[in-house]
Amino acid sequence: MDFLVLFLFYLALVLIGGVVICICSKTHRLKGLVRRGAQIFSYIIPECLQRAMRRLLHYFFHSRNHTFIILHLVLQGMVYGEYTWEIFGYCQELEFSLYYLLLPYLLLIVNLFFFTLTCITNPAIITKANELLFLQVYEFDEVMFPKNMKCSTCDLRKPARSKHCSVCNRCVHRFDHHCVWVNNCIGAWNIRYFLIYLLTLTASAVTLAIVCIAFLVHLVVVSDLYEEAYIDDLGHFQVMDTVFLVQYLFLSFPRIVFMLGFVVVLSFLLCGYLCFALYLAATNQTTNEWYRGNWTRCQHCPLVARVPSATPQAYQNIHSHGLWNNLREIFLPAFLHYERKKKEW
């Protein structure tokens, strides 16, 4: 059982690391590093294996499938299963507050609710029926979103802040990104659910990490382990130090220590991404706009090589109207806001 937990723990870390690398590879500098790394591996890995890996990666990251939804639920089930099976019982014996121990379950329920909403909610797909209405929601900046542009795939006029998703094969209004973990695009109509889902997922990971650490620390204090001594390899008595204490806890509670390591790493990753998502929400930007805006700013850098005749225009965020208005637009989508205005007219 412990070997299975260890294997799944490292598998989860590899998958998380892979997703982080995929996100980081969208930046200009890291994309070049990833490309050079791929060139190096192309000389080592056989061609047939490379083709199989490309097909597999294309299936996972460039086509709609439920693989990451299943993985998400399995990992969440394993973490909460271990929490319920061992940590909850031990903490009750140590007389932890019941409200404190039930908080992760409350966060889990809220998280699964908004996870489901993010998965099933229409992200604001542009169709012939709503094309004209979406065209009037946002102003065209003539830099990132010029007027009278058509999507060559959907054969629709492109509203400002929209983008065609190659994974879903549809145009999405206020397109943020395609999230493999929910198997759906994040757009104007489900970004609010996605932010709450991300917030509760981060809170769940942090809460579980805190409970695990509190349990282990409380156990050490109650049992006076830090005052104990041990005999080293040379037969000498040694005062209990931190390294030996961690080893002792690892051997005594391997699954709990594995889970703690997983949720701590996950907490750092999620906190970083949550801060980035909240920054975008506060400044009324999407991930797509932030990435493309950074690219246009790079074009003005004298160190970036470009075609001499090119005269790149400076991109400015014209959609930010203050913190509260930006957040209100997230939680009251512009399409609904526009329809209310239309009724008032």
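If you're wondering where the values come from, they're calculated on a predicted model, not measured in any experiment.

Undergrad: Tell me about the packing of helix H4 (residues 67-93) against helix H5 (residues 98-120), and please be specific about residues and values.
TA: Two elements in contact, H4 and H5, have axes whose closest approach is 11 Å; the angle formed by their N-to-C orientations is 170 degrees. Between H4 and H5, the angle falls in the class roughly antiparallel. Each of Ile69, His72, Leu73, Gln76, Tyr80, Tyr83, Thr84, Phe88, Cys91 and Gln92 in H4 lies in contact with H5, whose residues at this interface are Leu98, Leu101, Leu102, Pro104, Tyr105, Leu108, Asn111, Leu112, Phe115 and Cys119.

Undergrad: Go over the packing of aromatic side chains with me, naming the residues and quoting the values.
TA: Per the counting criterion, the structure on display carries 22 aromatic pairs. Each ring, one from Tyr90 and one from Phe253, has its centre 5.7 Å from the other, and the planes form 75 degrees; the classification is edge-to-face. Here the residue Tyr90 occupies a position in helix H4, and Phe253 occupies one in the loop between helix H8 (242-252) and helix H9 (254-282), the gap between them amounting to 163 residues. Classification of Phe253 as buried rests on a relative accessible area of 15%.

Undergrad: Let's hear about the UniProt feature "transmembrane region" (unreviewed entry) in the protein chain: which residues, and what values?
TA: Mapped onto this structure's residue numbering, the UniProt feature "transmembrane region" (unreviewed entry) falls at residues 6-25, 59-79, 99-120, 194-221 and 256-282. Across residues 194-221, the secondary structure splits into 100% helix and 0% strand, with the terminal C-alpha atoms separated by 40 Å. Helix makes up 100% of residues 256-282 and strand 0%, whereas the separation of the span's terminal C-alpha atoms amounts to 37 Å.

Undergrad: Could you give an account of helix H7 (residues 191-223), naming the residues involved and the relevant values?
TA: Between the first and last C-alpha of H7 there are 48 Å, a value that for 33 residues agrees with the 48 Å anticipated at 1.5 Å per step. Count one or two residues on from H7 and you reach Asp224, which has phi positive near 55 degrees.

Reading the values: rules and limits
Residues numbered from 1 in each chain as written. Predicted model: local features only at pLDDT ≥ 70, side-chain atom pairs only at ≥ 80, totals over all residues. Heavy atoms only, no water. Axes fitted to C-alpha atoms, helices over the stretch in contact; angles between N-to-C directions. Helix = DSSP H or I, 4+ residues; strand = E, 2+ residues; numbered from the N terminus. Parallel < 35°, antiparallel > 145°, perpendicular 65-115°, else oblique. Contact = heavy atoms within 4.5 Å. Phe/Tyr/Trp six-rings, centres within 6.5 Å; stacked < 30°, edge-to-face > 60°. Buried < 20%, exposed > 50% of the residue type's maximum accessible area, 1.4 Å probe, protein only. UniProt positions renumbered as here; feature names shortened; annotations may be inferred. Expected span 1.5 Å × (residues − 1).

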